[in-house]
Amino acid sequence: DVEVRSYPIILGDNPAVSAGPPLTIDWDPSHLAVCSVDDYEKTREGIIRGIIELKMPSHIRFDMLSKTVKTAEIAKRTKEMT
């Protein structure tokens, strides 16, 4: 069996972002699912992304964070990282 854990996305501190706020995942999982390896592989078919598709534009990171983090805190962290 495979355990698949989902984690909340939170404001990060990685200075490697070229623009906008950095993201990271929280330590505590928000969801846990257990399934067979075969079932897990079937759900992944067709959704494996390449390196270019993994890059997230800064405005999308901002939109994701602004649902749970105050805008002032996002702006402060963004300034610290640039």
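Residues numbered from 1 in each chain as written. Predicted model: local features only at pLDDT ≥ 70, side-chain atom pairs only at ≥ 80, totals over all residues. Heavy atoms only, no water.

## Regarding the overall build of the protein
Phase 1: Per the secondary structure count, the protein includes four helices and four strands.
Phase 2: Listed by position from the N terminus, the elements making up the protein come as β-β-β-β-α-α-α-α.
Phase 3: What you see for the protein is a C-alpha radius of gyration of 16 Å, clearly larger than the 12 Å of a compact globule of 82 residues, by over 25%.
Phase 4: With the C-alpha coordinates of the protein rotated into their principal frame, the extents come out at 45 × 30 × 20 Å. (Helix = DSSP H or I, 4+ residues; strand = E, 2+ residues; numbered from the N terminus. Rg over C-alpha atoms; globule rule 2.2 N^0.38 Å.)

## Some words on the environment of Ser-6
Phase 1: With respect to the helices and strands, the residue Ser-6 is situated in strand β1 (residues 2–6).
Phase 2: Remark: the alpha-carbon pair of Ser-6 and Ala-33, spanning 27 residues in sequence, is separated by 8.6 Å.
Phase 3: When near neighbours in sequence (up to four residues on either side) are disregarded, Ser-6 contacts Pro-29, Ser-30 and His-31. (Contact = heavy atoms within 4.5 Å.)

## Focus on the environment of Pro-57
Phase 1: With respect to the helices and strands, Pro-57 occurs in the loop between α2 (51–54) and α3 (58–66).
Phase 2: Judged by its relative accessible area of 38%, Pro-57 is partly exposed.
Phase 3: C-alpha separation for the pair Pro-57 and Tyr-40, spaced 17 residues apart in sequence, amounts to 28 Å. (Buried < 20%, exposed > 50% of the residue type's maximum accessible area, 1.4 Å probe, protein only.)

## Some words on the environment of Ile-48
Phase 1: Along the chain, Ile-48 turns up in the loop between α1 (37–44) and α2.
Phase 2: Classification of Ile-48 by relative accessible area gives exposed; the value is 62%.
Phase 3: Along the backbone, Ile-48 and Ser-30 are 18 residues apart, and their C-alpha atoms lie at a distance of 22 Å.

## Details of the confidence of the model for the protein
Phase 1: For the protein, per-residue confidence averages 91 on the pLDDT scale, and residues scoring 70 or more make up 100% of the total.
Phase 2: Per-element confidence in the protein ranges from a low mean pLDDT of 85 for α2 to a high of 95 for strand β4 (residues 31–35). (pLDDT = per-residue confidence, 0-100.)

## Let's talk about the side chain of Thr-78
Phase 1: In this structure, Thr-78 sits in helix α4 (residues 71–81).
Phase 2: What Thr-78 contacts, discounting residues up to four positions off in sequence, is Gly-20 and Pro-21.

## Re the side chain of Arg-61
Phase 1: With respect to the helices, strands and loops of the structure, Arg-61 is situated in helix α3.
Phase 2: At 11 Å, Asp-63 is the nearest oppositely charged side chain to Arg-61, a buried residue that forms no salt bridge.
Phase 3: A distance of 2.6 Å separates a polar atom in the side chain of Arg-61 from the backbone oxygen of Pro-21.
Phase 4: Residues within four places of Arg-61 in sequence aside, it is in contact with Val-17, Ala-19, Gly-20, Pro-21, Leu-23 and Met-56. (Lys, Arg positive; Asp, Glu negative; His and termini not counted. Salt bridge = Lys/Arg side-chain N within 4 Å of Asp/Glu carboxyl O. Polar contact = N/O pair within 3.5 Å; in protein donor to acceptor, adjacent residues only side chain to side chain.)

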